Amino acid sequence: MSDFAETLTEVKTDIMHASISLDNETKERNQKEDAVRMLKARRAIEQHLEEKRLHHDISNGWDD
């Protein structure tokens, strides 16, 4: 029975480590996806502001 308990403990430990590893990978993937979304949002805002400045400059006759 001792071998069974030892094997069961090893399996539980392996499952726990696998679960922690999976959680870490998920968190890392989510962080990367968040970073990509933030970069896209920043670029969109910068493009919008640039277009706004351009339209303002053109309406003020600065397009020469």
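Residue indices begin from 1 for each chain and proceed along its sequence in written order. Local features are withheld for residues below a pLDDT of 70 in this predicted model, meaning they are given only at 70 or higher, and side-chain atom pairs are given and counted only at 80 or more; totals for whole chains, interfaces and linings count all residues. To get the side-chain values, all heavy atoms of the structure are used, and hydrogens and water are removed first.

Hey, could you run me through the overall build of the chain in this one?
Numbered from the N terminus, helices here are DSSP runs of H or I no shorter than four residues, and strands are runs of E no shorter than two. Across its full length, the chain holds one helix and zero strands. A compact globule built from 64 residues should have a C-alpha radius of gyration of about 11 Å, whereas the chain, at 27 Å, is more than 25% larger. For the chain, the spread of C-alpha atoms along the three principal axes comes to 90 × 10 × 5 Å. To sort residues, take the accessible area from a 1.4 Å probe on protein chains only and compare it with the maximum for the residue type: under 20% means buried, over 50% means exposed, and anything in between is partly exposed. Within the chain, the fraction of its 64 residues that count as buried is 0%. Counted as positive: Lys and Arg. Counted as negative: Asp and Glu. His and the chain ends are not counted at all. Charged side chains are reduced to one point each, which is NZ for Lys, CZ for Arg, CG for Asp and CD for Glu. Between the averaged position of the 10 positive side-chain charges in the chain and that of its 15 negative side-chain charges there is a distance of 4 Å. Computation of the radius of gyration draws on C-alpha atoms, with the globule rule given as 2.2 Å multiplied by the number of residues to the power 0.38.

I'm lost on the pattern of salt bridges in this one. Help?
Two side chains with opposite charge may pair up if their charged atoms get near one another. Only one rule defines a salt bridge in this text: a Lys or Arg side-chain nitrogen within 4 Å of an Asp or Glu carboxyl oxygen. One pass over the full model with this rule turns up four salt bridges. We note a salt bridge from Glu 33 to Arg 29, for which the minimum N-O separation is 3.9 Å. One end of the pair, Glu 33, and the other, Arg 29, are both in helix H1 (residues 2-59), four residues apart, so they sit about a helical turn from each other. Since its relative accessible area comes to 36%, Glu 33 is described here as partly exposed. Among the ionic pairs, Glu 50 bridges to Arg 53, the shortest N-O distance being 3.0 Å. Within this pair, Glu 50 and its partner Arg 53 are both found in helix H1, separated by three residues, close to a single helical turn. We classify Arg 53 as partly exposed; its relative accessible area is 46%.

Where do I start with the environment of His 56 in this structure?
Among the structural elements, His 56 can be located in helix H1. Sequence separation between His 56 and Ile 45 is eleven residues; the distance between their C-alpha atoms is 16 Å.

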